[in-house]
Every structure is written in C-alpha cells, then in structure tokens.
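Breakdown of the fold
The primary structure of each chain is shown beneath.
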Amino acid sequence: MTGVQTCALPISGGGGCTITDSVQLTVNAGANATINSAGPFCITDNSVNLTTATSGGVFSGPGITNTTTGTFSPSTAGAGTFTVQYAIGGQCPDTSTLSIIVYPQPVISIASNLTEGCDPALISFSSVVPAPGNGNAQWNFGDGFTGNSLNMNHIYSDTGTFNITFIYTDANGCSTTANAIVNQPTLLTSVINNSSPVLCNGGNTGSATVLAGGGTPTFAYSWSDRKSTRLNSSHV
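Cut-offs used in this document
- Residues numbered from 1 in each chain as written.
- Predicted model: local features only at pLDDT ≥ 70, side-chain atom pairs only at ≥ 80, totals over all residues.
- Heavy atoms only, no water.
- Helix = DSSP H or I, 4+ residues; strand = E, 2+ residues; numbered from the N terminus.
- Buried < 20%, exposed > 50% of the residue type's maximum accessible area, 1.4 Å probe, protein only.
- Contact = heavy atoms within 4.5 Å.
- Areas by Shrake-Rupley, 256 points an atom, 1.4 Å probe, with all protein chains shown as cover.
- Phe/Tyr/Trp six-rings, centres within 6.5 Å; stacked < 30°, edge-to-face > 60°.
- Pairing = 2+ DSSP bridges.
- Disulfide = S-S within 2.5 Å.

1. Re the overall build of the protein
The helix and strand inventory of the protein stands at one helix and 19 strands. Expressed as a percentage of its 236 residues, the buried residues of the protein come to 25%. In the protein, once contacts between residues fewer than 6 apart in sequence are set aside, the share between residues at least 24 apart is 46%. Approximately 14500 Å² of the protein is accessible, and the part contributed by carbon and sulfur atoms is 53%.

Quick look at the structure:
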C-alpha cells in the first residue's frame, strides 16, 4: 500500500509493563517502465515516438534517435527484430524492454518487350517480385489506364512519351515503386518530291527524292527498283 502509513511498535519492559509507540512512514509507488506495443514497421515508415506507462525515463537500443522522447526510426534500425529498453531511475526504479519488428522494402524490377513502338503498339510488361508474390500489384501506364496484375499487356493508341509506374505492396504492407519509359513516336510519313523523268526508254537518267517525317530517325530507304537505299535515287 502506498502513501503515508502509521506503524505501531509495542515495547515491553522487564517488569511486565508494555507501552506502544508509533511512527509514520511514507511508502512510494514503484515505477512502471512498461513500453506500450509498437509496430511492426516497414523500413520506409516515418519515425515514431514510443509511449510508456510512466514518463521520465530513458530509452536505448537500435533505432532510438532520441533517448528522451523515445523516437524510433525504422530506417535507422534497418530490417530485422530489435529490442529497445526503457529505464526509470529514482528510489523505486524499473526497467522494461520491447521487441520491435521492421520489415524490409521488397526488391522488384520491371521490363517490357518494347520501349518504342508504332501506333497502335501492343507492349508486354513483366515484373519480378519477391516470392511468393502474393502482394498487391498496381500499374499506371501513363496514358490514363491502369492494371493490377504482375504481368500485363497494354496497347498504346496515342503518340508521345509515357512514364510507367509499377507499385508493389507485399503481404507485410511494405511498398516499392519501379519506373520505366515508353516512347510512342508520331506516324511515319513520306513524300516523293524533286523527281525528274527518264529521258529515254530503258535509260537511267531519272531521279527522285523522298522526304520522310514522323517516326524516329534515322530512316532506312528501299526503292522499288531495289537498287538504292538512300533518300534519293537516280536509278529510275
């Protein structure tokens, strides 16, 4: 029992006489250093301040970045299981520990069979995630369309450069993002100009020049006579 207590002390003399004296004692409550449960955390989570049953103690252990406020940083601790300690001093000290789990960030990668295509372009996207791969997948193809399978096919029907984002959240709730870029060039166009006819039947004095646009330079040319692969030909 805590608080001020009165204790009676009987005193007996040799002649059989007894007297009683009393004294008041103050009994202080013992400290309670219990740390309230915390975690588990992902390694990318923000720092948190641990809470306790009684304030005024000192924290220590992996991931503790402020021993007074009990600030625990998952990224500082790293992935694993860690034991932090909280100690209260004074006449009635107490100490307690808490085990905290920090999960790692999943390591992922993505790939595609094409990084550039012609409109419309069917592109196959694939991902590599940690086994057993039972987390949540979220694709953003950069053109307003999304998907939620680990591997997906997507058709790009517009031209431009598209930023692809893949977010994978594992069974522990920890996420990682991977990015890629797909370029969808404008349609290829060609116009023949600066042409001149052959002067005599069977001759090769004619010429023509083609003007190419759109697409992705550099361009390859193939004339119908198969005698030239340049942008201009005199073998007409």
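Moving on from the coordinates now.
2. Concerning the packing of aromatic side chains
Here the structure, examined in full by the defined rule, presents seven aromatic pairs. Aromatic side chains Phe-59 and Tyr-86 sit 4.5 Å apart centroid to centroid with 35° between the ring planes, which places their arrangement in the tilted category. Here Phe-59 is found in strand 5 (residues 58-60), whereas its partner Tyr-86 is found in strand 8 (residues 80-88), with 27 residues between them in sequence. Given the relative accessible area of 1%, Tyr-86 is considered buried. Here the aromatic rings of Trp-139 and Phe-166 are separated by 4.4 Å at their centres, their planes lie at 45°, and the arrangement is tilted.

3. Digging into the sheet that holds strand 9 (residues 94-103)
Taken together, the four strands give an open sheet; going across it, the order is 3-9-8-5, and neighbouring strands pair in mixed fashion. Looking at the sheet topology across the chains shown, the edges are occupied by strand 3 (41-42) and strand 5. Both strand 8 and strand 9 contribute to a ladder of nine bridges, which runs antiparallel. Among the inter-strand pairings, Ile-88 is bridged to a residue of strand 9, identified as Asp-94.

4. Observations concerning the state of the cysteines
Taken as a whole and assessed by the stated rule, the structure comprises one disulfide. In this model Cys-42 forms its disulfide with Cys-174; the gap between the sulfur atoms is 2.1 Å. Its S-S torsion of approximately -95° makes the covalent link between Cys-42 and Cys-174 left-handed. With Cys-42 in strand 3 and Cys-174 in the loop between strand 15 (160-169) and strand 16 (175-184), this residue pair connects regions lying 132 residues apart in the sequence.

5. Here we look at the pairing of strand 12 (residues 136-140)
Judged by which residues are buried, strand 12 turns out to be one-sided: Ala-137 and Trp-139 face inward and are buried, whereas Asn-136, Gln-138 and Asn-140, on the alternate face, are not. Across five bridges, strand 12 lies against strand 15 in antiparallel orientation. Bridge pairing in strand 15 places Ala-137 opposite Tyr-168. For strand 12 and strand 13 (residues 146-147), the ladder comprises two bridges, and the chain directions are antiparallel. Residue pairing for strand 13: Asn-140 is matched across the bridge by Thr-146. What sits between the antiparallel neighbours strand 12 and strand 13 is a turn of five residues, in which Gly-142 has the positive phi angle 80°.

6. A word on the pairing of strand 11 (residues 121-128)
Alternating residues of strand 11 divide into Ala-121, Ile-123, Phe-125 and Ser-127, all buried, and Leu-122, Ser-124, Ser-126 and Val-128, none buried. Summarising the sheet, strand 10 (residues 109-112) and strand 11 pair through four bridges and their orientation is antiparallel. Looking across to strand 11, one finds that Ser-109 is bridged to Val-128. Note: strand 11 against strand 14 (residues 152-156), five bridges, orientation antiparallel. When the sheet's bridge partners are listed, Ser-124 is paired in strand 14 with Asn-153.

Without other data, these values stay purely geometric and don't point to any function.
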